[in-house]
Amino acid sequence: MSPLVARGLRKRFGGDEVVCGVDLEVAAGECFGLLGPNGAGKTTTLKLCLGLTEADAGEIRLLGEPVPARAREARAGVGVVPQFDNLDPDFTVAENLLVYGRYFDLEDAQIAPRIPGLLEFAGLAGRAASKIATLSGGMKRRLTLARSLVNDPRVLFMDEPTTGLDPQARHLIWERLRRLRQAGRTLILTTHFMEEAERLCTRVAIMDRGRIIVEGPPRALIATHIEPQVLEVHGPGVEAWMERARAHAPRVERAGETVFCYAQNVDAAIASLAGHAELVYLHRPANLEDLFLKLTGRDLRD
Amino acid sequence: MTNAHLYSLPALSLRSVAVWRRHFLVWRKLAVPSILGNLADPLLMLFGLGYGLGAVIGSVDGTSYFAFLAGGILGSSAMYAATFESLYSAFSRMHVQKTWEAIVNAPMTLEDVLAGEWIWAATKSLAAGLCMLVVISAFGFAVWPQALAAIAVVALLGLAFAGLGLAINALASGYDYFSYYMTLVLTPMMMLSGVFFPVDKLPGLVQAVCQVLPLYHGVALVRPLLAGTMPEGALLHVAVLLGYAIAGFYAATVLTRRRLLQ
């Protein structure tokens, strides 16, 4: 049985329905990404699946246990990396792991031998006695990840695991997450970094306004839903050029001062730029972000 | 969350011990300043008023004013210790540090967290009460072993005020919110509970108000126990304190569910 199966999830906060009929199934060993703009309902969906908030309708089974009825039993086999670090500032690095392990009803004698391995994994070997305030943002994030592994979970839930990190720190987290998947753990994460989803996830679902609008492996989704090549053009007079570009590309969009041309082949569009030295262009393959913007629109979400 | 769930009785579990142990580990790191903080205020009050005012007043209800005040201050120090822990400290853990959120991501429930907070805040009352009792006893104002029963009352006062404090905590928008509770509820309660003066000289209507205050019942138990005598109507006093403890914790559970789970 799949570690996570959710059917027909609905959740209303006040007058707004933030999750409107979500179905999810995540198989063992997958890295599943839940993508969506701010306010799409990603975090609420995760909370429903963990039994931290109660659905208005729908059924959830997490590690075979019905949620929320047996959420405690289900969470015993789950690790959670929250969106914002909530490490204990009064404790050292090692104490954070020890105290968190106790919440899983583990004896100190069971937790203590795991700590060196967890610190090694987090790249914090030698920092066992450090205060949390002395850690960098990336170190805190890695410690939060290590803390989520203290119960040796089969499934990990991660809410925006790399938000706010610099590229070095982000790459290190990605590398660790790949290791976890190779070790056979199931990963479920939310993100709004399309690059992250494309690199890490075996399957993604794009969510908008409480609904899943498309679902599948990232490369397959891009191939199915979007033209393979993209030309981005900006510079003075780009509006006039945009009208001519429509003859060379089936889909031409403008966002602010930049024009995006999507086509099977953008060679003709590039050729039409000859003699327009003032226009700057970038030719690249289509990615998940293009798909995301096509499906959820370019309007700001606050 | 359905209304049935919102108002259902809290399911208590031994898992809350892990929450208590977390708080205890933090406290151990800061034990000395914490104990001094808990003790300084009540001791200054006891010695300042006890000797200063006591010299003017002489005796109250047949004992020295110092002995009279000792029982009152022991009760009120228990009230304040549990209140501070369940308001300011619990709010930090719930709202600022998101410690509660981290805990419920593990196989722990909100009830486990609240029960851990509740028992922990009462533990702080007990610790403050024990320290006070050592001092009071050193000055010869406690009769043993009857004073041991006063310790149990202090713990019960802790549970009563921790329950109320956690209920207020669930309603708070920020730390400022707590000043209302402290100045509009606790300070008048201290005046009307027989801490500083016997309430039987007050007008009848005011006395009736005193009868509903948990601290009044706590002091009514602690004072005779320190003097080595059996309190009058002890069962009623204990029942009122138990009622506040249980009702307070239930209210805290419902209000916190409403705040965090909906």
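Residues numbered from 1 in each chain as written. Chains lettered and ligands numbered in written order. Predicted model: local features only at pLDDT ≥ 70, side-chain atom pairs only at ≥ 80, totals over all residues.

1. Some thoughts on the overall build of chain A
Each helix and strand counted, chain A has 12 helices and 14 strands in total. The principal-axis extent of the C-alpha atoms belonging to chain A is close to 75 × 45 × 35 Å. Buried positions account for 40% of the 302 residues belonging to chain A. Taking the intrachain contacts of chain A between residues at least 6 apart in sequence as the baseline, contacts between residues at least 24 apart amount to 69%. (Helix = DSSP H or I, 4+ residues; strand = E, 2+ residues; numbered from the N terminus. Buried ≥ 20, exposed ≤ 12 C-beta atoms within 10 Å, placed from the backbone. Contact = placed C-beta atoms within 7 Å.)

2. With respect to the overall build of chain B
Summing up its helical and strand segments, chain B has 11 helices and 2 strands in all. For chain B, the α and β elements follow one another from N to C terminus as α-α-α-β-β-α-α-α-α-α-α-α-α. The C-alpha atoms of chain B give 19 Å as radius of gyration, which agrees with the globular expectation for 262 residues (18 Å, within 12%). Its C-alpha atoms give chain B principal-axis dimensions of about 60 × 45 × 35 Å. Across the 262 residues in chain B, those meeting the buried criterion constitute 46%. Taking as baseline every contact in chain B between residues at least 6 positions apart, the subset at least 24 positions apart corresponds to 79%. (Rg over C-alpha atoms; globule rule 2.2 N^0.38 Å.)

3. Focus: the sheet that holds strand S7 (residues 155-159) of chain A
Residue and element names in this part refer to chain A. Ordered by their spatial adjacency, 6 strands build an open sheet running S6-S7-S8-S3-S9-S10, and the pairing between neighbours is mixed. Every interior strand has two partners, whereas the edge strands, strand S6 (78-81) and strand S10 (211-216), have only one. Across the sheet, the mean angle from the axis of one strand to that of its neighbour is 15°, orientation sign disregarded. Sitting on the sheet, helix H12 (residues 288-296) touches strand S3 (31-35), strand S9 (203-208) and S10, and the angle it makes with S9 is about 30°. (Pairing = 2+ DSSP bridges. Axes fitted to C-alpha atoms, helices over the stretch in contact; angles between N-to-C directions.)

4. Regarding the packing of helix H6 (residues 137-147) of chain A against helix H7 (residues 167-182) of chain A
Residue and element names in this part refer to chain A. Their axes nearest at 10 Å, the elements H6 and H7 cross at an angle of 15°. The angle between the axes of H6 and H7 places the two elements in the roughly parallel class. Pair H6 / H7 crosses with right-handed handedness. Mapping the contact onto sequence places Gly137, Gly138, Arg141, Arg142 and Leu145 in H6 and Ala169, Leu172, Ile173 and Arg176 in H7. (Parallel < 35°, antiparallel > 145°, perpendicular 65-115°, else oblique. Left-handed = near helix turned anticlockwise from the far one by under 90°.)

5. Re the environment of Ala106 of chain B
If you trace the backbone, Ala106 of chain B turns up in the loop between helix H5 (99-105) and helix H6 (110-138). In this structure Ala106 of chain B comes out as buried when scored by C-beta crowding, with 25 C-beta atoms within 10 Å. Taking the C-alpha atoms as reference points, Ala106 of chain B and Leu164 of chain B, 58 residues apart in sequence, are found 27 Å from one another. Non-local contacts of Ala106 of chain B, meaning those with residues more than four positions away in its chain, are made with Arg75, Tyr100, Tyr103 and Phe104 of chain A.

6. Observations regarding the packing of helix H4 (residues 65-96) of chain B against helix H7 (residues 146-171) of chain B
Residues and elements named next belong to chain B. Orientation of H4 relative to H7, taken along the N-to-C sense of each, is 35°, at an axis distance of 8 Å. The way H4 lies across H7 gives a crossing that is right-handed. Grouping the constituent residues of the contact of H4 with H7 by class yields 16 nonpolar, 6 polar and 1 charged. (Nonpolar A, V, L, I, M, F, W, Y, C, P; charged D, E, K, R; others polar.)

7. Comments concerning the interface of chain A and chain B
Interfaces are often described in size by the accessible area the parts lose on coming together. Facing 20 residues of chain A, the contacting portion of chain B comprises 22 residues. Those elements giving two or more residues to the side of chain A that touches chain B turn out to be helix H2 (71-75) and helix H3 (93-102) of chain A. Residue contributions to the side of chain A that touches chain B peak at 4 residues, all from H3 of chain A. Among the residues making up the side of chain A that touches chain B, the classes are represented as 10 nonpolar, 2 polar and 8 charged.

8. Details of the sheet that holds strand S13 (residues 258-263) of chain A
Within a sheet, each strand pairs with its neighbour through backbone hydrogen bonds, oriented either parallel or antiparallel. Residues and elements named next belong to chain A. Spatially, the 4 strands line up as an open sheet ordered S12-S13-S11-S14, and their pairing is antiparallel. The two strands at the open ends of the sheet, each matched to only one other strand, are strand S12 (251-255) and strand S14 (280-285). Taken over all neighbouring pairs, the strand axes of this sheet differ in orientation by 20° on average, direction set aside. Pairing of strand S11 (residues 229-234) with S14, which is carried by 6 bridges, proceeds in the antiparallel orientation. In the sheet register, His234 faces S14, and the bridge partner there is Val280.

9. Comments concerning the domain arrangement of chain A
Along its sequence, chain A is carved into domain 1 (4-222) and domain 2 (227-285). Each of domain 1 of chain A and domain 2 of chain A was reduced to a C-alpha centroid, and the two centroids are 39 Å apart. (Domains from an automatic or database assignment.)

10. Overview of the environment of Asp56 of chain A
All names here are of chain A. On the secondary structure map, Asp56 appears in the loop between helix H1 (42-50) and strand S4 (57-62). Asp56 sits in the partly exposed class, given 14 other C-beta atoms within 10 Å. Placed 37 residues apart in sequence, Asp56 and Val19 show a C-alpha to C-alpha distance of 9.5 Å.

11. Quick word on the pairing of strand S2 (residues 16-26) of chain A
Judged from the 8 bridges that link them, strand S1 (residues 4-13) of chain A and S2 of chain A form a sheet pairing that is antiparallel. Considered in S2 of chain A, the bridge of Arg10 of chain A is made with Cys20 of chain A.

12. What about unusual backbone geometry?
With an omega of 10°, the peptide bond running from Val67 of chain A to Pro68 of chain A counts as cis. By the element assignment, Pro68 of chain A lies in the loop between strand S5 (65-67) and H2. A cis amide bond, omega 5°, links Trp144 of chain B with the succeeding residue Pro145 of chain B. Note that Pro145 of chain B resides in the loop between H6 and H7.

13. Here we look at the nonpolar core
By size, the foremost hydrophobic cluster in this structure holds 158 residues, and its most contacted members are Cys261 of chain A together with Ala70 and Leu74 of chain B. Among the domains, domain 1 (4-222) and domain 2 (227-285) of chain A are the pair contributing at least three residues each to this core. Residue contacts for Ala70 of chain B: discarding those within four places in its chain leaves Leu46, Ile136, Phe141 and Leu226 of chain B. (Core = buried A, V, L, I, M, F, W, Y, C linked by C-beta atoms within 7 Å.)

14. Quick look at the pairing of S9 of chain A
Residue and element names in this part refer to chain A. In terms of strand pairing, S3 meets S9 through 4 bridges, oriented parallel. Residue pairing in the sheet places Gly33 in a bridge with Val204 of S9. Of the pairings in the sheet, the one linking S9 to S10 comprises 5 bridges and is antiparallel in character. Within S10, the residue paired with Asp208 across the bridge is Arg211. Connecting S9 to the next strand, S10, in antiparallel fashion are 2 residues, including Arg209 with a positive phi near 50°.

15. Observations concerning H7 of chain A
All names here are of chain A. Taking 1.5 Å of rise per residue, 16 residues should cover 22 Å, and H7 covers 23 Å from first to last C-alpha, within 8% of that figure. When we look at burial in H7, the residues that qualify are Ile173, Leu177 and Leu180. Taken end-on, H7 shows its buried residues confined to a sector of 55°, consistent with a single buried face. When the buried face of H7 is taken as reference, the exposed residues oriented beyond 90 degrees from it are Pro167, Gln168, Glu175, Arg179 and Gln182. Just beyond H7, the residue with positive phi is Gly184, at close to 95°. (Expected span 1.5 Å × (residues − 1). Arc of directions from axis to C-beta.)

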